[in-house]
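Breakdown of the fold
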Amino acid sequence: MAGKFIRYLLPGIPFSQFYEIIRKVLQARNKTMPQLLSTVASIVVNIGLGYYMVHWTGWGWMGAAIAKSVGHFVLVPTAFVGMLMGQGGSESGKDCSDDLTTNYDELDTQLDDTQQFLEIEDDDIKNDEEDENEEDDLAFYGHFWEGFIISDALSCVAITEFLSLGFAGMCQVMFEWIAFEAIALMCGLLPGKEAIIAIGANTIIMYVSNLAYSFYLGVSVSGNVRVGNALGAGDPHRAEIASNLALGAGAFMAMINMVVLVATRKTLPLLFTTDLDIVNKAQHLFLIAAAIQLPDALNAAIQGLLLGSGRQALGAKWNFCAYYIIGIPLGYFLGVKLGFGVEGLWFGLCTGLSIISIGCTIIVLRSDWKKLANDASLRLRKLSSFNSLTALQ
């Protein structure tokens, strides 16, 4: 049955992955409204069609998988509709160009060889900003593809640079998400009925944790985009401010979620099941889930900041060591070998997560933002020089 359910989910995967590409480009351009429109449309279709197919057709619970695939399909066309309507989102992107030249004097010793390049880019951005006020509804859609040159994108230098950052970024995200999924797999290693109870309680905690993480994910994306834009603009001071704001916002949201989880731990599990054994186990796990909110929020912000500053490899190394050398082995030892059950599994994961949040927070706070801005500018200059030579040839 599970295999059949997954097969009905497969048609939606290409659309969700293509939407991820669109979403990243929109985020890099500080455009949010098309993403909001597509997400709302997908949720409405998913819930509405899912309810209809599950309760009013013969598909049963398989209809939920079909509805989810259709919801993924809806993401792509609605995102393009948002762009065609000129819904570029908030004008927060404008302030990215307002201060591009404010801190160049601080970078004289490091950015002398790239100053002219940055000033030309600054003039181009300001000209684009003046023209933006006169754009019609189709202008944003056209601007979305501006600067996209296939020959430049497929050059050896561009591909090498993309893979060096992209592969490390993939590992950074993959190591983290697989670590949490490993908890569900290890629940099946527990003896007898305890495994069934653990799987049920873990499913509840994972759902609630993912819901809480959605708030931190927004902070992570914001930090990623704002820091990346600031470093690309040669403004290390603005990048440092954005990183501090991301950490502070994540910590603030974590405190709120901690209070909510502790306050609702007796009643919230009852929304998922009436099995008293699973409910009791979930109530215990809610305390652990509340305890990991702060390190989880800080880690989410940190992952975005490392991505935005081009330090994906550093994040991947920390995630691998903390989760796979410390967290998962410790959880297996406590939960399976010593018999602490699913609580032991989560305690091990919490330990690894805390190590990442503490260590990487120190790294971010001690970052040399001027050097990171210089590194970003050198990457831009390297790609620009190669593309210029290619055009001349």
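Up top you'll find the structure we're talking about.
Read on for an overview of the structure. Because the structure is a prediction, the values reported are computed rather than measured.

Tallying secondary structure elements over the protein chain gives 17 helices and 0 strands in all. Scored against the burial criterion, the 393 residues of the protein chain give a buried share of 42%. Total accessible area computed for the protein chain in this model is approximately 20,500 Å², and 68% of it derives from carbon and sulfur atoms.

Turning to the packing of aromatic side chains, a few remarks are in order. For the structure on display, the rule yields 12 aromatic pairs. Pairing Phe 175 with Phe 320 gives two aromatic rings, centres 5.4 Å apart and planes at 55°, and the pair type is tilted. You can see Phe 175 sitting in helix α10 (residues 156–187) and its partner Phe 320 sitting in helix α15 (residues 312–337), a full 145 residues away along the chain. According to the relative accessible area criterion, Phe 320 is partly exposed, its value standing at 39%. Considering the side-chain rings of Tyr 207 and Phe 272, the 5.4 Å spacing of their centres and the 70° angle between planes classify their relative orientation as edge-to-face. Highlighted residues: Tyr 207 in helix α11 (residues 192–232) and Phe 272 in the loop between α12 (236–264) and α13 (276–291), separated in sequence by 65 residues. Of the residues examined, Tyr 207 reaches a relative accessible area of 52% and is grouped as exposed. An aromatic cluster of three or more residues is present, and its members are Phe 175, Phe 320 and Tyr 324. The cationic tip of Arg 311 hangs over the ring face of Trp 369; the distance from NZ or CZ to the ring centre is 5.7 Å.

This paragraph deals with the environment of Ile 66. Note that Ile 66 resides in helix α4 (residues 62–84). The exposure class of Ile 66 is buried, given its relative accessible area of 18%. Taking the C-alpha atoms as reference points, Ile 66 and Phe 5, separated by 61 residues in sequence, lie 8.6 Å from one another. Apart from residues no more than four positions distant in its own chain, Ile 66 is found in contact with Tyr 8, Met 53 and Trp 59.

Parameters at a glance
- Residue indices follow the written sequence of each chain, beginning from 1 at its first position.
- For this predicted model, a pLDDT threshold of at least 70 governs which residues receive local features, and a threshold of 80 or more governs which side-chain atom pairs are given and counted, while totals over whole chains, interfaces and linings are taken from all residues.
- Note: side-chain values were computed over all heavy atoms of the structure, leaving out hydrogens and water.
- Where helices and strands are cited, they refer to DSSP runs of H or I of at least four residues and of E of at least two residues respectively, numbered from the N terminus.
- When a residue's accessible area, from a 1.4 Å probe over protein chains only, is under 20% of the maximum for its type it is buried; when over 50% it is exposed; and in between it is partly exposed.
- Every accessible area reported is derived by Shrake-Rupley at a probe size of 1.4 Å, with residue values counting cover from the shown protein chains alone.
- Here is the rule: rings of Phe, Tyr and Trp (six-membered ring for Trp) pair when centre to centre is within 6.5 Å. Planes less than 30 degrees apart are stacked, more than 60 are edge-to-face, and the remainder are tilted.
- Here, a charge over a ring means that NZ of Lys or CZ of Arg falls within 6 Å of the ring centre while also lying within 35 degrees of the ring normal.
- Residue contacts follow a heavy-atom distance rule, with two residues in contact if any of their heavy atoms lie within 4.5 Å.

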